[in-house]
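Secondary and tertiary structure notes
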Amino acid sequence: MTRDVLELAGSLAFLDDLYEQYSQQPTGVDASWHALLEQGQTNGNGHPAPTPAPNGTHVATDSSRPNMPRMGRPGAVTTSPMTIVGTKQPSHVWPLVNAWRSRGHFAANLDPLGLLETAWIQELEPSTWGFLEPDRNQVIEPTGVHGLPRATVDELVAHLRRVYAGSVGVEFMHISSPARRSWLAEKMETQFVKPLARDVRVRMLEQLINAEQFERFCHTKYPGTKRFSLEGSESLIPLLDLVLTHGARLGAIEAVMGMAHRGRLTTIEAIVKRPGRDLFGQFEDVEPEKSMGGGDVKYHMGFSTDRIDPNGRAMHVSLSFNPSHLEAVDPVVVGRVRAKQMRHHDIEHRQVMGILVHGDAAFAGQGLVPETLQLSGLPGYRTGGTVHIIVNNQVGFTASPAEQRSTPYCTDVAKMLECPIWHVNGEDLDALAHVVEIACEFRSQFSSDVIIDMYCYRKYGHNESDEPSFTQPLMYEVIRKKASPVEVYAHRLIEEGVVATEQVNAMTNKRVAELEAELEAAKSAKQRPDAPSMTAMWRGYRGGIADAPEDADTRVPRQLLENITAAITELPPGFTAHPKIERLLSQRAEMGKGERPIDWGMAELLAYGSLLYQKLNVRFTGQDCARGTFSHRHAIITDIKTAREHLVLGGLHPDQGQCRIYDSPLSEAGVLGFEFGYSLDYPDGLVIWEAQFGDFVNGAQVIIDQFITASEDKWKRLSGIVLYLPHGYEGQGPEHSSARLERFLEACAEQNIQVCQPTTPAQMFHLVRGQVLRHRRKPLVVMTPKSLLRLPAAASTLDELASGRFHRVLHDEHADPEKVTRVLMCSGKIYYELVEERARRADRTVAIVRIEKLYPWWPNIVEESFAKYGKLAELFWVQDEPSNMGAGNFVTPRLHKLIDGKGIKYDFISRTESASPATGSHKAHVMEQQQILRQAFDAR
Ligand SMILES: Cc1ncc(C[n+]2csc(CCOP(=O)(O)OP(=O)(O)O)c2C)c(N)n1
Ligand SMILES: [Mg+2]
């Protein structure tokens with residue numbers, strides 16, 4: 001039998017299949033299996049019959065771990081197990097060892113409460129593999145088992161049980177790579193016999209004590225105040241400390257952490273070292289007037305610190321600000337890690353590590369988890385592996401695991417990454433320490449994510465004013481009687497002579513005194529504790545509210561535009577482009593010399609090229625963004641003979657900025673979260689995310705609402721991220737017409753974001769350049785066009801790029817101020833249809849004005865566009881969108897203010913209100929469009 005077959009034999013599913021096949025057609029199954037299959041007792045559906053559980057092991061019953069393998073049922077007794085002919089063959093050791101490596105975790109002692117049902121699985125029984133009672137004391141050489149050159153079968157099983165079914169259960173046999181599997185087997189099988197150093201154990205105990213005391217202190221000083229207590233899960237603190245220490249040992253100089261509510265205050269105090277006085281100051285809530293209309297609750301705040309670990313290694317550790325929306329911070333953290341790695345030129349992804357702490361319910365339930373995991377190996381997104389820690393308190397608010405998931409473990413979604421998953425009893429700190437060491441080494445060795453699922457419990461309700469026994473009465477009966485994690489570990493260390501009781505007491509007293517002093521300081525402080533912002537790379541940038549519009553100089557000398565054109569239209573030697581691309585390149589060459597009007601794609605490339613030329617970095621991602629959904633960009637060209645790719649902006653200048661353009665995976669929330677995170681640590685670069693069609697942005701709504709529009713207000717964190725959202729009513733149906741402009745406008749306040757809808761390539765050019773060249777950092781939402789990408793009327797001249805600027809409002813340059821009585825004001829592509837209609841009608845009484853930047857809204861700039869018409873009697877807002885969508889409801893009250901008392905009639909022309917953005921019929925679309933145009937000119 002080959003090793004592979006033997007590995008497969010470790011799987012009961014395989015045996016099931018084999019049995020099924022055998023019962024239907026015995027000749028279809030290799031003869032070597034016949035004896036086994038004939039002798040094997042089955043329970044009637046192909047499963048081998050159950051075996052009674054050995055002492056100390058619960059037998060799986062029903063709900064506490066969903067979809068457990070149901071191999072052993074209470075009361076079921078078997079007479080004889082399956083036997084393999086030719087017992088005592090050492091080769092039979094393999095299936096046994098494989099069974100332990102694959103399924104030992106189901107028998108592990110993971111739950112500090114002792115409530116989790118473990119399963120004794122038939123495969124773990126030596127008799128399943130032919131080792132019957134008389135043979136079990138026979139000495140064998142279990143080749144391939146680490147740390148055990150010779151042993152009896154019973155000794156082998158004891159070894160495997162200690163490694164794979166002690167306080168740790170590991171899942172790694174789903175990993176395809178034999179190298180990774182054997183690396184893990186070796187580490188596991190040798191690590192768990194190593195004693196832990198005394199100083200490591202004492203440090204862990206002290207951290208546990210500190211965490212518990214901090215929690216208890218808050219509990220007594222601020223009773224009933226929400227803090228999402230960590231009690232029952234305090235091991236998180238030593239666990240995080242060890243992750244950072246091992247991370248530093250393996251080369252990391254920075255770490256970015258993300259976590260939700262549970263234990264966050266304790267983590268902020270213990271790991272990122274925000275002084276207790278600041279945290280107590282937040283409980284005191286002094287100077288509330290400073291937070292009116294802004295700020296965030298204390299358990300969402302971030303912080304960072306410069307840490308020196310016990311080995312003297314330095315590391316900068318940041319905990320990211322976090323909204324309540326569980327798991328939304330995941331991609332943001334990973335994006336931040338990647339940006340920091342780029343900043344450090346850390347192409348091997350070793351210097352900055354990401355750590356994500358999850359809740360069990362959230363990890364199993366939130367779609368952002370797999371979206372973020374999916375990024376982990378992609379060239380544009382990888383970071384060398386994130387360390388995931390699950391604070392698995394076996395409950396989510398009021399819900400039990402059986403209500404939360406269909407899988408045995410809350411971590412099962414992570415198996416998609418083929419990374420190891422350790423389930424650990426959080427009360428066994430020594431086991432936890434071993435796991436952290438292996439996990440960090442695996443991450444470093446294979447640049448892979450790793451998952452540590454720490455089983456623990458939640459001492460109180462979901463928050464401190466919640467009654468948990470309404471819904472988990474039995475669990476809380478056990479919890480009430482339980483010794484705390486500190487008591488359990490202190491007891492162990494005292495028993496083993498590692499520390500004395502007096503030492504434990506001294507540590508506790510010292511901590512209480514420290515906390516009292518911090519509280520005193522907080523009580524006497526008159527000022528609200530503020531976390532520093534705008535430090536390091538953010539120095540020199542601004543947020544806040546500007547009094548007047550600000551414009552950077554976005555012009556680019558014509559000669560430079562010509563040079564960039566030459567570089568982006570030339571192909572590498574021997575490169576064969578598609579004939580249509582060759583034609584496109586020669587057209588672009590003409591555009592760059594001023595011999596042909598500049599189209600949208602060319603303006604974009606010249607904007608990026610000129611920034612790169614100025615040594616600024618550009619990162620651009622989105623689904624199919626390199627070519628462009630509408631085939632207008634072609635920023636990467638593929639050789640049609642070799643499929644080699646050519647980045648057109650890659651060879652501008654030896655000293656140019658870095659240009660990174662990546663087609664993203666088919667995710668919105670995950671990838672937009674990542675880019676937002678990237679922008680937090682890259683203020684000096686252009687970071688663009690493009691939606692395939694604008695409407696798909698709704699899949700990323702949580703990132704927009706919780707981060708992009710609100711992070712400055714809540715956390716004083718700025719971002720210059722750019723969103724390109726193709727938007728426009730072109731008769732493509734309800735799904736591909738609208739990027740929901742209205743939703744962005746509704747979120748506008750305090751100059752939080754910029755919302756634009758440029759209508760010419762030159763406008764796009766200056767807008768994009770200005771976003772990086774200005775010092776104020778605000779997210780930029782751009783409604784990008786579809787039909788305008790190629791519309792001749794929408795083209796620009798080279799001079800507009802070379803000497804123009806971005807116009808917030810485009811005035812009507814052709815209207816006659818003496819004749820105009822009506823102004824049609826609009827935004828986006830309807831402008832060109834209005835112009836055409838006016839020409840058709842030869843109507844000289846109408847001026848058409850475009851609002852190119854809807855927010856920030858500068859009333860006087862808008863006013864200038866119509867105040868010049870002395871005979872103005874009517875101002876109409878005209879839009880493609882239905883009346884309940886588009887910009888109409890945003891501009892109408894603002895325009896009313898501008899014309900108030902001036903005797904100017906106002907009207908709002910649009911499609912009639914609609915529950916979906918657009919019609920599915922192209923002909924109906926055309927009819928609707930004509931109606932809007934008619935109304936715009938004929939309405940009286
Ligand atoms: C996306 C989202 N949905 C719902 C909630 C409300 N909520 C807050 S905590 C929580 C339970 C979380 O359980 P778990 O992930 O196990 O973390 P724990 O509180 O047990 O540490 C819920 C449902 C939320 N914050 N975010
Ligand atoms: Mg939970």
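Refer to the structure printed above.
This write-up is about the structure you can find in this document. (Residues numbered from 1 in each chain as written. Chains lettered and ligands numbered in written order. Predicted model: local features only at pLDDT ≥ 70, side-chain atom pairs only at ≥ 80, totals over all residues. Heavy atoms only, no water.)

**Here's the deal with the overall build of the chain**
Each helix and strand in the chain was counted, giving 31 helices and 24 strands. Taken over the C-alpha atoms alone, the chain extends approximately 110 × 80 × 55 Å along its principal axes. Per-residue burial for the chain yields a buried fraction of 59% across its 940 residues. For the chain, restricting intrachain contacts to residue pairs at least 6 apart in sequence, the fraction spanning at least 24 positions comes to 80%. Carbon and sulfur atoms provide 51% of the accessible area of the chain, an area that totals close to 36,900 Å². Where the 101 positive side-chain charges of the chain centre and where its 117 negative ones centre are 4 Å apart. (Helix = DSSP H or I, 4+ residues; strand = E, 2+ residues; numbered from the N terminus. Buried < 20%, exposed > 50% of the residue type's maximum accessible area, 1.4 Å probe, protein only. Contact = heavy atoms within 4.5 Å. Areas by Shrake-Rupley, 256 points an atom, 1.4 Å probe, with all protein chains shown as cover. Lys, Arg positive; Asp, Glu negative; His and termini not counted. Charge placed at Lys NZ, Arg CZ, Asp CG, Glu CD.)

**A look at the coordination of the magnesium ion (ligand 2)**
On the protein side, the magnesium ion (ligand 2) has Asp360 (OD), Asn393 (OD1) and Val395 (O) as donor atoms, found 2.0 Å from it. We note that the donor set of the magnesium ion (ligand 2) lies within a single chain, spaced as D-x32-N-x1-V. Asn393 sits in the buried class, given a relative accessible area of 4%. Judged by its relative accessible area of 3%, Val395 is buried. (Donors = N, O, S within 2.8 Å, 3.2 Å for Na, K, Ca; no water.)

**Some remarks on the side chain of Asp241**
Assignment of secondary structure puts Asp241 in helix H8 (residues 236-249). Apart from residues lying up to four places away in sequence, Asp241 is in contact with Arg203, Gln207, Ile271 and Arg307.

**Structural notes on the pattern of salt bridges**
The final tally for this structure, using the stated rule, is 60 salt bridges. Salt-bridge contacts for Arg838 lead to Asp812; the nearest nitrogen and oxygen are separated by 2.7 Å. Of the two residues, Arg838 sits in helix H28 (residues 830-841) while Asp812 sits in the loop between strand E19 (809-810) and strand E20 (822-826), which places them 26 residues apart along the sequence. Connected through shared salt-bridge partners, Glu212, Glu215, Arg216, Arg227, Glu231 and Lys459 make up one network. (Salt bridge = Lys/Arg side-chain N within 4 Å of Asp/Glu carboxyl O.)

**Some words on the site of ligand 1**
In the region of ligand 1, 15 residues are neighbours, and His261, Arg262, Asp360, Ala362 and Val395 sit closest. When the free accessible area of ligand 1 is taken as 580 Å², the share hidden by the protein chains comes to 76%. Here the shell around ligand 1 takes three residues from helix H12 (residues 360-365), the largest share from any one element. In terms of residue class, the shell around ligand 1 is made up of five nonpolar, eight polar and two charged. (Near = heavy atom within 4 Å. Nonpolar A, V, L, I, M, F, W, Y, C, P; charged D, E, K, R; others polar.)

**Quick word on helix H22 (residues 669-680)**
Helix length check: H22 (12 residues) gives 16 Å between terminal C-alpha atoms against 16 Å at 1.5 Å per residue, within 8%. Counting buried positions along H22 gives 12 out of 12 residues, so the element sits mostly inside the fold. (Expected span 1.5 Å × (residues − 1).)

**Comments concerning the pairing of strand E16 (residues 722-726)**
In terms of burial, E16 is a largely internal element, five of the five residues being buried. Burial along E16 is two-sided: the residues Val722, Tyr724 and Pro726 and Leu723 and Leu725 are all buried. Note that strand E15 (residues 686-690) and E16 share three bridges and pair parallel. Within E16, the residue paired with Glu690 across the bridge is Tyr724. Pairing of E16 with strand E18 (residues 780-784) involves five bridges; the strand directions are parallel. Counterpart to Leu723 in the pairing with E18 is Val781. (Pairing = 2+ DSSP bridges.)

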